[in-house]
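Letter by letter, the chains look like this.
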Amino acid sequence: MSVSTLAAAQSVCAPLPVLGRDVTVPLVTGGEVTYAALDYAASAPALQRVWDDVAAYAPYYGSVHRGAGYLSQLSTDLFENARRTVAEFLDCRVTDQVVFTRSTTDSLNLLAAALPADCQVFVFETEHHASLLPWRDARVSCLDAPRTPRQAVETLERALADRDPYGPALVCVTGASNVTGELWPVRELAAAAHAHGARIVLDAAQLAPHHPVSVKDLDVDWVAFSGHKLYAPFGSGVLAGRADWLRAAEPYLAGGGASRKVTRREDGGVDVEWHESAARHEAGSPNVIGAYSIASACKALTEAGFDNLVAREQYLVEKVRAGLAEVPEVRILSLFGDDAPRVGVISFVVEGWNSSHFAAALSAEYGIGVRDGLFCAHPLVRTLLGSDPQAQGECGAPEAAPGEKSLNAIRVSFGAGTPDEHVERFVNAVKELVADGAKWSYRTEDGRCVPATSA
């Protein structure tokens, strides 16, 4: 990105207003500082627009699909309009269904429960556990981590060519890595899947908040994402895509809302006629506020313009990467190399530092929130660190003490609400910690590195 493009990115798109942007936190060294939230990949702060929309609706909250009263009717309209907004945001096909879930993990487990019998699932070892683990009742082929986008496509093509061509198959792939931030060749992987008679689901948890996602253009069969990463942290997610497998499957949950008709049999049992719409997998009282918050975030991001948001985020990405490159002790983790397109997610290790110790010092001494650990992507992080993929370890709970080597990394992540000052403070803090060491003493407590009671 040229200097002129970077300047344009700054001027065209200011950070979007988010909650918590003025929160101050105490430092162990004394005083307070405005908190720098740089853990967007775990949960992004709520957009102010989303919070305002939810607050305006809250007094009118009512149970959907069940009441004749005004508030119930209003809430039903709001809930179903949210479904249409999400479909537009994802550029879904007319025949696609949008099912509201609790999260990306919930969405992919729902799809796993809807797989046809004897379905074979292909997934790369690089996936987040939400994409790697749900397929317990299927035949799973776990593919090695590729080192280029082209290699990813070739690896998948070889695996699909060796499968039983007559049975159902599903490919699950991320759109952007939650560890490296690198964009995956989704369109090419979808083409490879379809050429071999397989379907594909896109884990867009880290892609949708940063880039436009078009079901039609990418030609994927399903998309899954979470509201809490899309600036709508109200416990809701989405599974959107083809309806046939979902209609043919038993309801994800059995209960009210999923059933169209229930009758008593003479033998004492019941007969049930299930809905064929998205309601089939939305039993119980749905999370109306969660669905509405996702729709609000979709509108806010669309109105802000993804071209502007992407340009500004790339400015921040290059700012961070350039700053870290000036520190020889820092190694940025990557599958596809320095030139790979990526979102605002960067993981790294620091020579001579335990990752938990480094992250604790960033928080306690600089007011900067990052993530350390294996990021619920254990096989990928271990591959990138060159360690044994079978080695034991817990996500975010390293056992190594401060100063000892660990199998973990540090992740900084940001997005539409991140101001320049936060990434500048982060880069300067990394340089100071590496050059001068921590100002405070730290100890291990319950698997986490925390400040000691005194320096």
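Predicted, not measured: the structure shown is a model, and the values here were computed from it.

Parameters at a glance
- Residues numbered from 1 in each chain as written.
- Predicted model: local features only at pLDDT ≥ 70, side-chain atom pairs only at ≥ 80, totals over all residues.
- Heavy atoms only, no water.
- Helix = DSSP H or I, 4+ residues; strand = E, 2+ residues; numbered from the N terminus.
- Expected span 1.5 Å × (residues − 1).
- Buried < 20%, exposed > 50% of the residue type's maximum accessible area, 1.4 Å probe, protein only.
- Domains from an automatic or database assignment.
- Contact = heavy atoms within 4.5 Å.
- Buried area = accessible area lost by both parts, 1.4 Å probe.
- Salt bridge = Lys/Arg side-chain N within 4 Å of Asp/Glu carboxyl O.
- Polar contact = N/O pair within 3.5 Å; in protein donor to acceptor, adjacent residues only side chain to side chain.
- Nonpolar A, V, L, I, M, F, W, Y, C, P; charged D, E, K, R; others polar.
- Pairing = 2+ DSSP bridges.
- Axes fitted to C-alpha atoms, helices over the stretch in contact; angles between N-to-C directions.

### Quick word on helix 14 (residues 420-436)
The α-helix advances 3.6 residues per turn, and as a result positions three or four apart in sequence lie on the same side. An ideal rise of 1.5 Å per residue puts 24 Å on 17 residues; helix 14 measures up with 24 Å between its terminal C-alpha atoms. Among the residues making up helix 14, those that are buried are Asp420, His422, Val423, Arg425, Phe426, Val427, Ala429, Val430, Leu433 and Val434.

### A look at the domain arrangement of the protein
When its domains are assigned, the protein resolves into domain 1 (24-45 + 305-451) and domain 2 (61-303). On the side of domain 2, 34 residues touch domain 1, which itself brings 37 residues to the contact. Between domain 1 and domain 2, the buried area comes to about 3000 Å², and carbon and sulfur atoms account for 59% of it. Of all residues in domain 1, the largest losses of buried area upon contact with domain 2 belong to Phe306, Leu335 and Phe336, amounting jointly to 26% of the total for that side. The tally of links between domain 1 and domain 2 comes to zero salt bridges. Our enumeration of links across domain 1 and domain 2 arrives at 22 residue pairs in polar contact (both at pLDDT 80 or more). Of all the secondary structure elements, the ones that give two or more residues to the side of domain 1 that touches domain 2 are helix 11 (306-325), strand 14 (345-350) and helix 13 (378-385). The leading source of residues in the side of domain 1 that touches domain 2 is helix 13, at six residues. Of the residues belonging to the side of domain 1 that touches domain 2, the class tally is 25 nonpolar, nine polar and three charged.

### What to know about unusual backbone geometry
For Tyr231, which is not a glycine, the phi torsion comes out positive at approximately 70 degrees. Turning to its location among the elements, Tyr231 is positioned in the loop between strand 9 (222-226) and strand 10 (237-241).

### Describing the sheet that holds strand 14
Strand order in the open sheet formed by four strands is 13-14-17-16, with antiparallel pairing between adjacent strands. The open sheet has two edge strands with one neighbour each: strand 13 (330-332) and strand 16 (371-373). Strand-to-strand twist across the sheet, computed as the mean angle between neighbouring axes with direction ignored, equals 30 degrees. Here strand 16 runs beside strand 17 (residues 409-413); their pairing, made up of three bridges, is antiparallel. Note on strand 17: the bridge partner recorded for Arg371 is Arg411.

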